[in-house]
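# Coordinate analysis (summary)
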Amino acid sequence: MAAAKSKTTGKSTRKSSGARRIEGARKQAMETGRNRLLVTGIVLSLAFAAIGVRLVDLTVFQAGGEPRLAQIEPNPEVASGRADIVDRNGILLATSLPTASLFADPSAVLNAQEVADKLITELPELNRQELLGKLKTKSRFVWITRNLTPKQHYKVNRLGLPGLGFQRGERRVYPHGRLAAHALGLTDVDGRGIAGLEQNFDRALRAGNRIQVSLDIRIQSMMRQELAAAVREFRAIGAAGVVLDANSGELVSLVSLPDFDPNEPSSAGPETAFNRVTKGVYEMGSTFKLFTAAMALDSGTVDLNSSYDASQPIKISRFTIRDFHAKNRWLSVPEIIVYSSNIGAAKMAVDVGTKTQRDYLDRFGLLRPAALELPEVGKPLVPKRWRKINTMTIAYGYGIAVSPLQLASGVAVLVNGGRYVPPTVLKTVAGNSSTGKRVLSEETSELMRGLMRLVVTNGTGRKAAAKGYIVGGKTGTTDKLAVRGYRKNATLSSFVGAFPMNAPRYIVLVMVDEPKGNKRTFNYATGGWVAAPAVGRVIQRMASLIGMAPDRQPEPAKVPVKKPMIKASTPPKASPGISKRKTAAAPPPAPITVSRASPSPAPRRNDSAADETLMLQRVRAVLDVRDKKSEADAVGPPEQALATY
Amino acid sequence: MSAIARTDTSLVGRWWWTIDRWTLAALASIVVVGAVLTLAASPPEAERLGFDTFYFARRQFVFLGMAVAVIFAISFLSPRNIRRLAVFSMVGAIILMVATLFLGTEIKGATRWLHIGSYSLQASEFVKPGFAVVCAWMFSEQRLDGRFHGYAISTGLFLFVVGLLLMQPDVGMSVVIAAMWGVQFFVAGLPLLLVLGIGFAFLAGTVGAYFAFGHVQARVDRFLDPAGGESYQVSRALEAFYNGGWAGRGPGEGRVKEVLPDAHADFIFAVAGEEFGLVLCLALVALFAFVVLRGFSRVLKSDDLYVLLATTGLLVQFAVQVIINMASNINLMPPKGMTLPFISYGGSSTLALALGMGMVLALTRDRQGGGENR
């Protein structure tokens, strides 16, 4: 008290001058300070009270009400219950197996030597030195080995060694190995999808939702075998194969070679993991002539009887457009397709017009990336400025690059009655499939079916014929782009087919990358020699699998004349006599008035032979008419061609 | 019955009869609870880091012993000597903070620690009590003598210290210092318009921190949108309170300490909740609130503006740390690393708080008959 008193006195002497004023200010300041301190105290009290209330709320009333004890925090290291992926028939394509991984806590290991010896009796693949090193480290946690089998797990556990522990884990297993690698993709060590369906549906799969895909693993297997055979035979660097349901857009098979084994993620290198079907975009070549013909017919620019002068190569600016299978004469629309005439296709496209061409290609789904449920979807390469020269080259498939998948779904439009159905890798529930957007009229589609059939009966695609089934399609062979210009000896050979042509159900596409011709193919490595036979074999094999009975009277049997044909590039010259005899047997071809307006009968699957007759009758007639006109290079009736194969 | 007679005028005798024994008792209780909780919460962390089981507990016991000694020693000082001590400790701490920026080690993205031998020192903890007292001095001088530029000096000092803190960066500590300084300024009689202005500046600073510092943003986002999952630590802490219930699971029976890396420091309150239940948690809240409000009520009777402001600053700092730590633990606000005074593990924090509380005890001693002057 005394000390305090003396202090006060000291203070008051110090501020003796103007003490009254200062004393007043001091009093006022103290008054304000006390009032405001009270406010502060009240605010802090409220904060403490809020904490108290919240504590009661948490502990007594268990705010939130959820039984927190039962909740298991998702451990990012152990993704539990990643769902299965199955094919369209429910066959398991990807699943997760629980595994146990062995770790050690070296500080709790009593005798490292003993532990190592005992462990090696059960896990002989371990290296003793390495194991001892791990067991003697200072850390509290070391992995010994991952993914034990249940039997190993049991045996190690039975050793009863202290300091060892198991981490429950999960391993993604693909029972079919590399068979559907590109569609399925793969997961990383933490069970996250990093490619393909695994990536695209990562969230759904984690949430435990089973994914049923549109693939049929049996057809996938056939396609892969045939592709691998083609790659082997023609020493190709790769291949792509697609089987697409023409009506629902479902991908029944998707194969890209070379491939990888998703069970061994290290096998997925940049080359092997590349999905040629969906990610790769390529100049497709002559298969594009189908689109050119379809848009020309559909827009009314030409009819089947229209013809173009293909006797001279086209010279435009510094380019020359020539024909591979040159006929050096006027060609009708069917002939342009059957003989794969670049000149004819280019002239036809010019007549169609650049804008119309672009509109149609867009509606065929060729100018935009396919809206597929895979992360690996390639963007088509389309000219920025679309000039006359672009129109001409695009007419026969150069100067535009699309993915094989886009080509297949575009061709589906040509044959399925003219509707664009977006492709999908998910199984579509029956009756739930989208009806698609109309692109072509039913009549155009019908004519296209005939033209595609003609390519297989009379043209470059004869080797795609499958005994007992009505196959149609179109070949394509392109020189691959090099840094400057095109490489002559590096080609992409493809065939896009459809069957059965009277009521097409499937599009089958095979593309072989850089095939080399061999003796059997007379050194040809064209689509007709390399890809068409593979398509034919796939169709032959898958048709019986999907329960499609072959025609009892296969056409070749009807034809008496058998004259072997050597090269696809030179159609045989037929004698008029044979021609006449055959025309008599077949339904009367003349007088033919090909009219696009004439109603076409709906294709019926159960009467395929009659359907085909009717279908071919119309397109074939034009060929006959042209034969009569053209003295120099007569083409025999289709039966002749069929007989020769 | 007290062993010291009221007539005892020795240093200790005077101290005993003028000191606020209730606050002393409350602080002693907090220290005891802190010691018990450290024993409960720190062994798993010590084992995780490869130390022996009671490594942290032993160290914290030493710190707490030192803290008690510091509190006692400082509580003997006169207000004037407190002021000297404050200036000295603040200048020293600022020098060390600058040194930290250049010599400190970066831990989890922030440079806050200075390593001296086997000890690490968080200099910014020691700047707080000194800063509070120096600012109180500056405010009161200007208030009593209008010619002195106390407001300007303290504002400059504030900006300098916060600047140093944000360079580390240490947003939490900046918030504590800003709250403390703001309240002092408010109590010192800042015009209400300016109070509003500073309030807005504080708000703007908080929002600014949200945009300027990624880790602040992440925490706030998670707090505002719990659907995205509360942070791991917070959800574990909440679980601990659920499991604790009324009376807790019993000493040593808690699980949260096994999974929370900061169970012995920032999340020790959750350990208290799990093992000792609501009873101890509420007792702790009451003890802390008592220290703060008791200090306020003592200082209300004081006649010295400097004492009033200094005590206010020190107690607000103490209260804000308690509130932020507890509110983080029970998910009332985005998690903010902040120690619970005398409970959380940490030498710098414990000793710096002892410094502050010693000052509070010294400033709130009975002098000149308290309210007699009124």
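Residues numbered from 1 in each chain as written. Chains lettered and ligands numbered in written order. Predicted model: local features only at pLDDT ≥ 70, side-chain atom pairs only at ≥ 80, totals over all residues. Heavy atoms only, no water.

With that settled, consider the overall build of chain B. Within chain B, the secondary structure is distributed over 14 helices and three strands. The 374 residues of chain B split such that 56% are buried. Taking all contacts inside chain B whose residues are at least 6 apart in sequence as the whole, residues at least 24 apart take part in 72%. (Helix = DSSP H or I, 4+ residues; strand = E, 2+ residues; numbered from the N terminus. Buried < 20%, exposed > 50% of the residue type's maximum accessible area, 1.4 Å probe, protein only. Contact = heavy atoms within 4.5 Å.)

What chain A contains, in helices and strands, is 21 helices and 18 strands. Here chain A, with 645 residues, has 54% of them falling under the buried criterion. A separation threshold of at least 6 residues defines the contact pool for chain A, and within that pool the share at least 24 residues apart is 72%. Roughly 29200 Å² of accessible area belongs to chain A as shown, and the carbon and sulfur atoms make up 55% of that amount. (Areas by Shrake-Rupley, 256 points an atom, 1.4 Å probe, with all protein chains shown as cover.)

A separate point is the packing of aromatic side chains. Geometry of an aromatic ring pair is reported as the spacing of the ring centres plus the angle between the planes. All names here are of chain B. One pass over the full model with this rule turns up 26 aromatic pairs over all chains. A centroid spacing of 4.0 Å and a plane angle of 10° characterise the contact between Phe51 and Tyr55, whose relative ring orientation is stacked. Ring centres of Phe51 and Phe56 lie 5.9 Å apart, and the angle between their planes is 80°; on these two criteria the pair is classed as edge-to-face. Among the residues examined, Phe51 registers a relative accessible area of 36% and is labelled partly exposed. With relative accessibility at 7%, the residue Phe56 sits in the buried group. The structure contains a cluster of three or more aromatic residues connected by ring pairs, namely Phe51, Tyr55, Phe56, Phe63 and Tyr345. When the ring centre of Trp16 is taken as reference, the NZ or CZ atom of Arg21 above it lies at 5.2 Å. (Phe/Tyr/Trp six-rings, centres within 6.5 Å; stacked < 30°, edge-to-face > 60°. Lys NZ or Arg CZ within 6 Å of the ring centre and 35° of its normal.)

With that settled, consider the packing of helix 4 (residues 79-103) of chain B against helix 6 (residues 150-167) of chain B. Residues and elements named next belong to chain B. Running from amino to carboxyl end, helix 4 crosses helix 6 at an angle of 35°, the nearest separation of the two axes being 10 Å. The chirality of how helix 4 crosses helix 6 is left-handed. Between helix 4, through Met90, Ile94, Met97, Val98 and Leu101, and helix 6, the contact on the second element is made entirely by Leu157, Phe160, Val161, Leu164, Leu165 and Met167. Partitioned by chemical class, the residues of the contact of helix 4 with helix 6 number 11 nonpolar, no polar and no charged. (Axes fitted to C-alpha atoms, helices over the stretch in contact; angles between N-to-C directions. Left-handed = near helix turned anticlockwise from the far one by under 90°. Nonpolar A, V, L, I, M, F, W, Y, C, P; charged D, E, K, R; others polar.)

On to the pattern of salt bridges. All names here are of chain A. With the rule as written, the count across this model stands at 31 salt bridges over all chains. Note that Arg368 is salt-bridged to Asp362, the shortest N-O span being 3.0 Å. Here Asp362 falls in the partly exposed class, since its relative accessible area comes to 27%. (Salt bridge = Lys/Arg side-chain N within 4 Å of Asp/Glu carboxyl O.)

In low-pLDDT regions, the fine details of the predicted coordinates are not to be read closely. In the predicted model, chain B carries a mean pLDDT of 85, and the fraction of residues at 70 or more is 94%. Among the prediction metrics, the complex's ipTM stands at 0.91, with pTM recorded as 0.52. (pLDDT = per-residue confidence, 0-100.)

The next thing to look at is the nonpolar core. Formed by 118 residues in total, the largest nonpolar core has its most connected members in Phe131(B), Phe269(B), Phe288(B) and Phe342(B). Excluding anything up to four places from it in sequence, Phe131(B) contacts Met90(B), Leu157(B), Phe158(B), Val161(B), Ile177(B), Met180(B) and Trp181(B). One finds Ile321(A), Tyr339(A), Met392(A) and Val425(A) within the second-largest nonpolar core, a separate group that totals 100 residues. (Core = buried A, V, L, I, M, F, W, Y, C linked by side-chain atoms within 4.5 Å.)

Turning to the sheet that holds strand 2 (residues 110-116) of chain B, a few remarks are in order. All names here are of chain B. The sheet built from three strands is open, its strands ordered 1-2-3 with antiparallel pairing. With one partner strand each, in any of the chains shown, strand 1 (105-107) and strand 3 (119-121) form the two edges of the open sheet. Between one strand axis and the next, the sheet turns by 45° as a mean value, whatever way the strands run. Here strand 2 pairs with strand 3 via three bridges, running antiparallel. (Pairing = 2+ DSSP bridges.)

In this chain, Leu257(A) is followed by Pro258(A) through a cis amide linkage whose omega measures 0°. Along the chain, Gln168(B) connects to Pro169(B) via a cis peptide bond; the corresponding omega equals -10°. Along the chain, Pro169(B) falls in the loop between helix 6 and helix 7 (171-187). At Glu514(A), a position not held by glycine, the phi torsion is positive, near 55°. Inspection of the secondary structure assignment puts Glu514(A) in the loop between strand 18 (506-513) and helix 17 (527-545).

The next subject is the packing of helix 10 (residues 288-298) of chain A against helix 13 (residues 354-363) of chain A. All names here are of chain A. Running from amino to carboxyl end, helix 10 crosses helix 13 at an angle of 115°, the nearest separation of the two axes being 10 Å. Every pair of crossing elements has a handedness; the one defined by helix 10 and helix 13 is right-handed. Contact with helix 10, carried on its side by Phe288, Phe291, Met295 and Asp298, involves Gln357, Tyr360 and Leu361 of helix 13 and no other residues of that element. The residue makeup of the contact of helix 10 with helix 13, split by class, is five nonpolar, one polar and one charged.

Looking now at the confidence of the model for chain A. Residue and element names in this part refer to chain A. When pLDDT is averaged along chain A, the result is 78, and 77% of the positions lie at 70 or above. Throughout residues 1-15 the model reports pLDDT below 50, and contacts reaching past four residues in sequence, or to other chains, amount to 10 contacts. Here residues 624-645 scores under 50 on pLDDT; set against residues more than four positions off or in separate chains, the count is 51 contacts.

On to the side chain of Thr339(B), then. All names here are of chain B. Positionally, Thr339 belongs in the loop between helix 13 (305-329) and helix 14 (347-363). At 3.0 Å, the side chain of Thr339 forms a polar contact with the side chain of Ser349. Sequence-distant contacts of Thr339, defined by excluding residues within four places in its chain, comprise Glu125, Asp266, Gln321, Asn325, Ser344 and Ser349. (Polar contact = N/O pair within 3.5 Å; in protein donor to acceptor, adjacent residues only side chain to side chain.)

Between chain A and chain B, the residue contacts involve 38 residues of the former and 54 residues of the latter. Surface buried jointly by chain A and chain B totals about 4300 Å² across both partners, of which 67% is contributed by carbon and sulfur atoms. Where chain A touches chain B, the interface holds one salt bridge. The closest approach of N and O atoms between Asp303(B) and Arg34(A), which form a salt bridge, is 3.3 Å. At the surface where chain A touches chain B, the tally comes to seven residue pairs in polar contact (both at pLDDT 80 or more). Going through the elements one at a time, helix 1 (2-14) and helix 2 (19-59) of chain A are the ones with two or more residues in the side of chain A that touches chain B. Ranked by residues supplied to the side of chain A that touches chain B, first place goes to helix 2 of chain A with 26 residues. Grouping the amino acids of the side of chain A that touches chain B by side-chain chemistry returns 19 nonpolar, nine polar and 10 charged. (Buried area = accessible area lost by both parts, 1.4 Å probe.)

A word on helix 15 (residues 404-415) of chain A. Residues and elements named next belong to chain A. Between its first and last C-alpha, helix 15 extends 17 Å over 12 residues, near the 16 Å set by a 1.5 Å rise per residue. Taken across its 12 residues, helix 15 has 12 buried, putting it largely inside the fold. Taken together, the buried positions of helix 15 are occupied by Pro404, Leu405, Gln406, Leu407, Ala408, Ser409, Gly410, Val411, Ala412, Val413, Leu414 and Val415. Looking one or two places after helix 15, you find Gly417, whose phi comes out positive at around 105°. (Expected span 1.5 Å × (residues − 1).)

One turn of an α-helix holds 3.6 residues; hence residues three or four places apart share an orientation. The end-to-end C-alpha separation of helix 14 of chain B is 24 Å, in line with the 24 Å expected for 17 residues at 1.5 Å each. Among the 17 residues of helix 14 of chain B, 17 are classified as buried, and the element is accordingly described as predominantly covered.

A word on the pairing of strand 7 (residues 251-257) of chain A. All names here are of chain A. With respect to burial, strand 7 is a largely interior element, seven of its seven residues being buried. In this sheet, strand 7 lies alongside strand 6 (residues 238-245) in antiparallel orientation, the contact comprising six bridges. Opposite Val243, over in strand 7, you have Ser253 as the bridge partner. In this antiparallel pair of consecutive strands, strand 6 and strand 7, the connection spans five residues, and Gly249 shows a positive phi of 80°.

The next thing to look at is the environment of Phe48(A). Summarising the element assignment, Phe48(A) is placed in helix 2. Each residue touching Phe48(A), except ones within four places of it in the same chain, is listed here: Val285(B), Phe288(B), Ala289(B), Val292(B), Ala319(B), Val322(B) and Ile323(B).

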